[in-house]
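# An overview of the molecular structure
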Amino acid sequence: MARKRFDNSNCSVARALNEVGDWWSLLIVLHAMYGTRRFVDFQQQLGIAKNILCDRLTRLVENGVLHKVDVGEHGCRYEYRLTDKGRDLFPVVVALRQWGDKWNPAPEQGPLDLRDKATSRPIRSVQVLDADGNPLDLRDVFVPEHTEGHS
């Protein structure tokens, strides 16, 4: 059964899920953020079948999340590197990781300890902020009538 596509949806969340909305794609992006670049390394670290990895890498390249770089002398060795679009997923991946650590923690492992390189201090939880930098939750926001139908 083919996966439903949302290319023409008015919902930006649905359109984004077209590009990175399956677990393999986001895990590939996560590992690319950790510095993984080669096909064989993605496969080894993720334990993913070659055909699925090939499909997801191709889709991530086509969608501009990764770019494929020829690093071989004879055009037979490639690396996959994050584009600006891919790097912009960083807060999404961190927020998802923090949500998972809170609501579905690994039984024998603590949460990921992400730290600021400049200060070695732990990073804060990802939050939605108002224009003055104050945290907001779902009850603090609304969608104006002229943008209804968009998400």
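The following paragraphs examine the structure supplied in this document. This one's a predicted model, so the numbers in the text were calculated from it and none came from an experiment.

### Brief notes about the packing of helix 2 (residues 23-33) against helix 4 (residues 50-62)
- Helix 4 packs onto helix 2 with a crossing angle of 75° between their chain directions and a minimal axis gap of 10 Å. Judged on the interaxial angle alone, helix 4 and helix 2 are roughly perpendicular. Residue-level inspection shows Trp-24, Ser-25, Ile-28 and Val-29 of helix 2 in contact with helix 4, the latter providing Ile-52, Leu-53, Arg-56, Leu-57 and Leu-60.
- Among the residues forming the contact of helix 2 with helix 4, the class breakdown is 7 nonpolar, 1 polar and 1 charged.

### A word on the layout of surface pockets
- The space that makes up the largest pocket amounts to roughly 340 Å³.
- Surrounding the largest pocket, Trp-23, Leu-26, Leu-27, Leu-30, Val-93, Leu-96, Arg-97, Trp-99, Gly-100 and Asn-104 form its lining.
- Within the residue set of the lining of the largest pocket, elements represented by two or more residues are helix 2 and helix 6 (90-103).
- It is helix 6 that provides the largest number of residues to the lining of the largest pocket, a total of 5 residues.

### A look at the side chain of Asp-22
- Summarising the element assignment, Asp-22 is placed in the loop between helix 1 (12-20) and helix 2.
- Within the structure, the side chain of Asp-22 is placed 2.8 Å from the side chain of Ser-25, a separation counted as a polar contact.
- For Asp-22, the residues in contact, after removing those within four places along its chain, are Arg-56 and Arg-59.

### What about helix 2?
- Among the residues of helix 2, those classed as buried are Trp-24, Ser-25, Ile-28, Val-29, Leu-30, His-31 and Ala-32.
- Between a side-chain oxygen at the N-terminus of helix 2 and the backbone nitrogen of Trp-24 the separation is 3.1 Å; the capping residue is Asp-22.

### Quick notes on the packing of helix 2 against helix 6
- Interhelical geometry of helix 2 versus helix 6 gives an angle of 110° and a closest axis separation of 11 Å. Between helix 2 and helix 6, the crossing angle belongs to the class labelled roughly perpendicular. Touching Leu-26, Val-29, Leu-30 and Met-33 of helix 2 are Phe-90, Val-93, Leu-96 and Arg-97, all from helix 6.
- For the contact of helix 2 with helix 6, the class distribution of residues is 7 nonpolar, no polar and 1 charged.

### Points about the packing of aromatic side chains
- What the rule picks out here adds up to 0 aromatic pairs.
- The residue whose ring lies beneath Lys-68 is Tyr-78, and the NZ or CZ to ring-centre distance is 4.5 Å.

### A few points about the pattern of salt bridges
- Scanning the model with the defined rule gives 10 salt bridges in all.
- A salt bridge links Arg-59 to Asp-55, with the nearest nitrogen and oxygen atoms 3.0 Å apart. Taken together, the residues Arg-59 and Asp-55, both in helix 4 and 4 residues apart, mark about one turn of the helix.
- Here Arg-59 falls in the buried class, since its relative accessible area comes to 18%.

### Section: the side chain of Ser-25
- Its location among the elements puts Ser-25 in helix 2.
- The class for Ser-25 is buried, based on a relative accessible area of 0%.
- Each residue touching Ser-25, except ones within four places of it in the same chain, is listed here: Glu-19, Val-20, Arg-56 and Leu-60.

Rules used in this analysis
- Residues numbered from 1 in each chain as written.
- Predicted model: local features only at pLDDT ≥ 70, side-chain atom pairs only at ≥ 80, totals over all residues.
- Heavy atoms only, no water.
- Axes fitted to C-alpha atoms, helices over the stretch in contact; angles between N-to-C directions.
- Helix = DSSP H or I, 4+ residues; strand = E, 2+ residues; numbered from the N terminus.
- Parallel < 35°, antiparallel > 145°, perpendicular 65-115°, else oblique.
- Contact = heavy atoms within 4.5 Å.
- Nonpolar A, V, L, I, M, F, W, Y, C, P; charged D, E, K, R; others polar.
- 1 Å grid on protein atoms, 1.4 Å probe; cavity = no way out; pocket = protein on both sides within 12 Å on 5 of 7 lines; lining within 4 Å.
- Points joined across faces, edges and corners; volume = space filled by probe spheres on them.
- Polar contact = N/O pair within 3.5 Å; in protein donor to acceptor, adjacent residues only side chain to side chain.
- Buried < 20%, exposed > 50% of the residue type's maximum accessible area, 1.4 Å probe, protein only.
- Phe/Tyr/Trp six-rings, centres within 6.5 Å; stacked < 30°, edge-to-face > 60°.
- Lys NZ or Arg CZ within 6 Å of the ring centre and 35° of its normal.
- Salt bridge = Lys/Arg side-chain N within 4 Å of Asp/Glu carboxyl O.

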